[in-house]
Amino acid sequence: MNSIHAVTSHRQAIPADLLAELRATGAVEVSDAEVRKRLADDGYLYLTNAIDRDEVIDARREVMARLVEVGEIREPAVAGISTGTSRRAEAVDDLGAFWKSVSEGKCLRRVTHGPRLAAVMARIFATAVRPFDFLWLRATRPGGASAYHFDHVYMNRGTDRLLTVWIPLGDVPREDGPLAIVEGSHRWGDLIAAYRGFDVDRDRTRPGHVTTEPVNLLRERHARLLTTDFRAGDVVVLSMFALHGSLDNRSMTDRVRLSCDVRYQPADDPFDERWIGDDPVGHGRGYGSMSAAQPATAKPIFR
Ligand SMILES: O=C(O)CCC(=O)C(=O)O
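Here we summarise the structure given alongside this text. Remember, predicted model here, so these are calculated numbers, not experimental data.

With that settled, consider the overall build of the protein. Secondary structure assignment for the protein yields 8 helices and 13 strands. Compactness check: the protein gives a C-alpha radius of gyration of 18 Å against a globular reference of 19 Å for 303 residues, within 12% of the reference. Based on the C-alpha atoms only, the size of the protein along its principal axes is roughly 45 × 45 × 45 Å. Every one of the 303 residues in the protein was classed for burial, and the buried ones make up 42%. Long-range contacts, defined here as pairs at least 24 residues apart, represent 81% of the contacts in the protein between residues at least 6 apart.

Set out below in structure tokens:
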């Protein structure tokens, strides 16, 4: 478990037979029809080299520089190495406003809301598209991971024709805790039925996520966890019912895993208004509701 090669998610070691690579789709090699077929067949698209790598690195530098300001990242900012401490609570008056300003950085928005990604998404939807204004930005420190969930429960008040785009902001090798997708979960009718229509802001009877024990689920359902060593410029497009979370960040160099999620839909479809506008309300407190808005004070746990 102390090996740099161990792959864990929520402290559970993922055995080799339960782990596989995402199916990669290159930008030019496949027809539009094939791209849509792969999304329907797999529940996701892993699009390699789909957006401009330099723009992604600029966005990374911009975000990390803001985290240098609050003492969480060391210089040089672009390397993204955690200091293990934070001055954010002292340095910033309003944590939500701070995170909003980081999430609205010019270079970051060029990646998430710029023409390159819009063209990719218009190709997939075969119509004019519009992203949500809200951006889910994550700087996950060593020891951190995301729980396994369907995105549907967080954003289902508008159209069903909604897709998540997960964007690594820099290279994210598997030891840094990237996105992990549960293979074939978009076809699990029983689990999907249990979550369809569930709204985390209305139905507070249970958590939005499905599990933080991925190995138990994988064994029960004879499924595998799909991930890869991501490169800046790659993106993953996910359907609302593809179960996903992340590996643990086990970086041996204390590198923070930086990524973001942006949601796209057809421009003429109804929107989930929580995520739209200059100051989206989100789950109640806008950007202030995100755990990423809190100072990153959790201690690394793997060494
Ligand atoms: O980046 C991650 O850890 C997961 C992000 C995610 O699942 C989401 O925003 O829906």
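On we go.
On to the sheet that holds strand S12 (residues 244–246), then. Spatially, the 4 strands line up as an open sheet ordered S3-S10-S9-S12, and their pairing is mixed. Both outer strands of the open sheet, strand S3 (19–21) and S12, are each paired with one neighbouring strand and no more. Put simply, the sheet's adjacent strands are angled 35° from each other on average, direction ignored. Where strand S9 (residues 179–182) meets strand S10 (residues 225–227), 2 bridges bridge the pair, whose relative direction is antiparallel. Within S10, the residue paired with Ile181 across the bridge is Leu226.

Around the ligand, the structure places Trp136, Arg138, Ser146, Asp151, Thr164, Leu179, His244, Ser246, Ser259 and Asp261. Broken down by secondary-structure element, the contributors of at least two residues to the shell around the ligand are strand S7 (136–140), S12 and strand S13 (257–266). Among the residues making up the shell around the ligand, the classes are represented as 2 nonpolar, 5 polar and 3 charged.

This part covers helix H2 (residues 53–69). The end-to-end C-alpha distance of H2 is 25 Å, a good match for the 24 Å that 17 residues give at a rise of 1.5 Å each. All of the buried residues along H2 are Val56, Ala59, Arg60, Glu62, Val63, Met64, Arg66 and Leu67. Immediately downstream of H2, the backbone of Gly71 shows phi near 75°, a positive value.

Procedures and definitions
- Residues numbered from 1 in each chain as written.
- Predicted model: local features only at pLDDT ≥ 70, side-chain atom pairs only at ≥ 80, totals over all residues.
- Helix = DSSP H or I, 4+ residues; strand = E, 2+ residues; numbered from the N terminus.
- Rg over C-alpha atoms; globule rule 2.2 N^0.38 Å.
- Buried ≥ 20, exposed ≤ 12 C-beta atoms within 10 Å, placed from the backbone.
- Contact = placed C-beta atoms within 7 Å.
- Pairing = 2+ DSSP bridges.
- Axes fitted to C-alpha atoms, helices over the stretch in contact; angles between N-to-C directions.
- Near = placed C-beta within 6 Å.
- Nonpolar A, V, L, I, M, F, W, Y, C, P; charged D, E, K, R; others polar.
- Expected span 1.5 Å × (residues − 1).

By themselves, these figures tell us nothing about what the structure is for.
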